[in-house]
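Structural description and commentary
Now for the letters of each chain:
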Amino acid sequence: MNEEIEELCDLGVDLADAGGFAQALEAYESAWGLLPLPAEEQEGAAWILGNIGYTRFLQGDYAAGRDDLARAMTLPGGDGNAFLHLRLGQCLFELGDLRRAGEHLRLAFAIEAEAVFVDEDPKYRDLIG
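About the cut-offs
- Residues numbered from 1 in each chain as written.
- Predicted model: local features only at pLDDT ≥ 70, side-chain atom pairs only at ≥ 80, totals over all residues.
- Heavy atoms only, no water.
- Helix = DSSP H or I, 4+ residues; strand = E, 2+ residues; numbered from the N terminus.
- Buried < 20%, exposed > 50% of the residue type's maximum accessible area, 1.4 Å probe, protein only.
- Expected span 1.5 Å × (residues − 1).
- Contact = heavy atoms within 4.5 Å.
- Phe/Tyr/Trp six-rings, centres within 6.5 Å; stacked < 30°, edge-to-face > 60°.
- Lys NZ or Arg CZ within 6 Å of the ring centre and 35° of its normal.
- Core = buried A, V, L, I, M, F, W, Y, C linked by side-chain atoms within 4.5 Å.

1. Thoughts on unusual backbone geometry
- Going from L37 to P38, the amide bond is cis rather than trans, its omega being -5°.
- Tracing the backbone through its elements, the reader meets P38 in the loop between helix 2 (21-34) and helix 3 (45-59).
- The phi angle at D119 is positive, at roughly 70°, despite the residue not being glycine.
- Note on placement: D119 falls in the loop between helix 6 (98-112) and helix 7 (122-127).
- Looking at D119, the relative accessible area reads 77%, which means it is exposed.

Next up, the structure:
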């Protein structure tokens with residue numbers, strides 16, 4: 001990824017952390033637009049789309065977050081990413097799909113162990129026992 005893409009993604013993280021979800025999404029979408037085509041095949045595409053999905057989760061738009069995160073997992077480097085599994089599991093949990101939520105939360109745990117649940121609501125960890 002080039003420096004401008006990384007800066008936009010860092011800005012997106014900072015904005016989302018501060019509650020500026022719409023601005024964070026704009027930063028991530030700008031970063032996505034700078035990826036060479038086809039964007040879906042580029043290094044970092046899963047990370048950008050994962051952050052879009054996470055921002056939608058933070059907004060409470062769990063269905064859109066689920067869709068973005070599920071798509072991110074199909075991109076290079078996405079399937080083995082604990083962050084993506086965690087966030088997809090959280091979206092599914094909030095949508096009431098506890099079976100699939102548990103599958104993704106268990107995969108996140110298998111990749112990162114307890115570290116993946118640090119600073120997360122205990123209800124997600126409790127789902128997988």
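So that's the structure; there's more coming.
2. Let's talk about helix 6
- When the terminal C-alpha atoms of helix 6 are compared, their 20 Å separation across 15 residues agrees well with the 21 Å that a helix rising 1.5 Å per residue should span.
- Looking at helix 6, one finds that the buried residues are A101, G102, H104, L105 and A108.
- On its buried face, helix 6 sits against helix 5 (82-94) and helix 7.
- Once helix 6 finishes, A113 follows within two positions and takes phi at roughly 60°, a positive value.

3. A closer look at the packing of aromatic side chains
- Applying the stated criterion across every chain, the model contains five aromatic pairs.
- Summarising the aromatic geometry, the rings of F57 and Y62 are spaced 5.6 Å apart at their centres and angled 55° between planes, so their arrangement reads as tilted.
- Relative accessible area serves as the criterion here: at 25%, Y62 is assigned to the partly exposed category.
- Judged by centre distance (5.1 Å) and plane angle (75°), the ring pair of F93 and Y124 falls under edge-to-face. Separated by 31 residues along the polypeptide, F93 in helix 5 and Y124 in helix 7 bring together distant segments of the chain.
- Take F93: its relative accessible area is 18%, and that puts it in the buried class.
- The lysine or arginine in question, R125, covers the ring of F109, its NZ or CZ lying 4.7 Å from the ring centre.

4. Some points on the nonpolar core
- Counting 36 residues, the largest nonpolar core has W32, L35, I48 and F117 as its most contacted members.
- Mapped by element, the contributors of at least two residues to this core are helix 1 (3-17), helix 2, helix 3, helix 4 (62-72), helix 5 and helix 6.
- Excluding residues within four positions of it along the chain, W32 makes contact with A39, E40, A45, I48, L49, R71 and L75.

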